[in-house]
Amino acid sequence: MKTYHGSCHCGAVRFEADIDLSQGSIRCNCSICAKVRFWPAIVQPSAFRLLAGEADLTKYQFLTKTDQHLFCRHCGVRSFGIGRSPRWGEFYAVNLTCLDDATPEELVSTPITYLDGKNDNWETSPTEVRHL
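Under an unreviewed UniProt entry, the protein chain has the name GFA family protein and belongs to Duganella levis. According to the UniProt record, the Sequence similarities (unreviewed entry) comment for the protein chain reads "Belongs to the Gfa family."

As structure tokens, then:
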């Protein structure tokens, strides 16, 4: 477990999160994750701390409006999201590409689980993942 610091591109939104990258990350082929190339690690709410920029966040929700897709209203970067699922309960999805102090070595060694959100088949990986 390591405390990482992250931010959006312009720096208005800043956070820290306790993440064990060896526990893996996810990539999903659902419409929004595929379009924004979102690469999150899932952490419990107690492991995430927003340090700055709450007023700079804009929320987008669709379909069931369960997940909060948050992004900086200035630069448009999606640093993290908030959700709820049967698998993880309440969670924060921290975008690994927004971690300011994660090394390239840490990122390339992070395991990835692929999710087939496009077909609402969350327990099986999609047949093609190279584009994710």
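1. Focus on the overall build of the protein chain
For the protein chain, the count of helices and strands is two helices and ten strands. Along the protein chain, helices (α) and strands (β) appear in the sequence β-β-β-α-β-β-β-β-β-β-α-β when read from the amino end. On C-alpha atoms alone, the protein chain measures out to a radius of gyration of 14 Å, which is about the 14 Å that the 2.2 N^0.38 rule sets for 132 residues. Within the protein chain, buried positions represent 42% of all 132 residues. Positive and negative side-chain charges of the protein chain, numbering 14 and 15 respectively, have mean locations separated by a distance of 7 Å.

2. Remarks on the side chain of His69
On the secondary structure map, His69 appears in strand E7 (residues 68-72). The exposure class of His69 is buried, given its relative accessible area of 8%. Separated by 2.7 Å, the side chains of His69 and Arg78 make a polar contact.

3. Remarks on empty space enclosed by the protein
All chains considered together, the criterion is met by one cavity of 30 Å³ or more. In this model, the largest cavity occupies a volume close to 40 Å³. Looking at the lining of the largest cavity, the elements with two or more residues in it are strand E3 (25-28) and helix H1 (31-36). Of the residues in the lining of the largest cavity, the class split is five nonpolar, no polar and two charged.

Criteria and cut-off values
- Residues numbered from 1 in each chain as written.
- Predicted model: local features only at pLDDT ≥ 70, side-chain atom pairs only at ≥ 80, totals over all residues.
- Heavy atoms only, no water.
- UniProt positions renumbered as here; feature names shortened; annotations may be inferred.
- Helix = DSSP H or I, 4+ residues; strand = E, 2+ residues; numbered from the N terminus.
- Rg over C-alpha atoms; globule rule 2.2 N^0.38 Å.
- Buried < 20%, exposed > 50% of the residue type's maximum accessible area, 1.4 Å probe, protein only.
- Lys, Arg positive; Asp, Glu negative; His and termini not counted.
- Charge placed at Lys NZ, Arg CZ, Asp CG, Glu CD.
- Polar contact = N/O pair within 3.5 Å; in protein donor to acceptor, adjacent residues only side chain to side chain.
- 1 Å grid on protein atoms, 1.4 Å probe; cavity = no way out; pocket = protein on both sides within 12 Å on 5 of 7 lines; lining within 4 Å.
- Points joined across faces, edges and corners; volume = space filled by probe spheres on them.
- Nonpolar A, V, L, I, M, F, W, Y, C, P; charged D, E, K, R; others polar.

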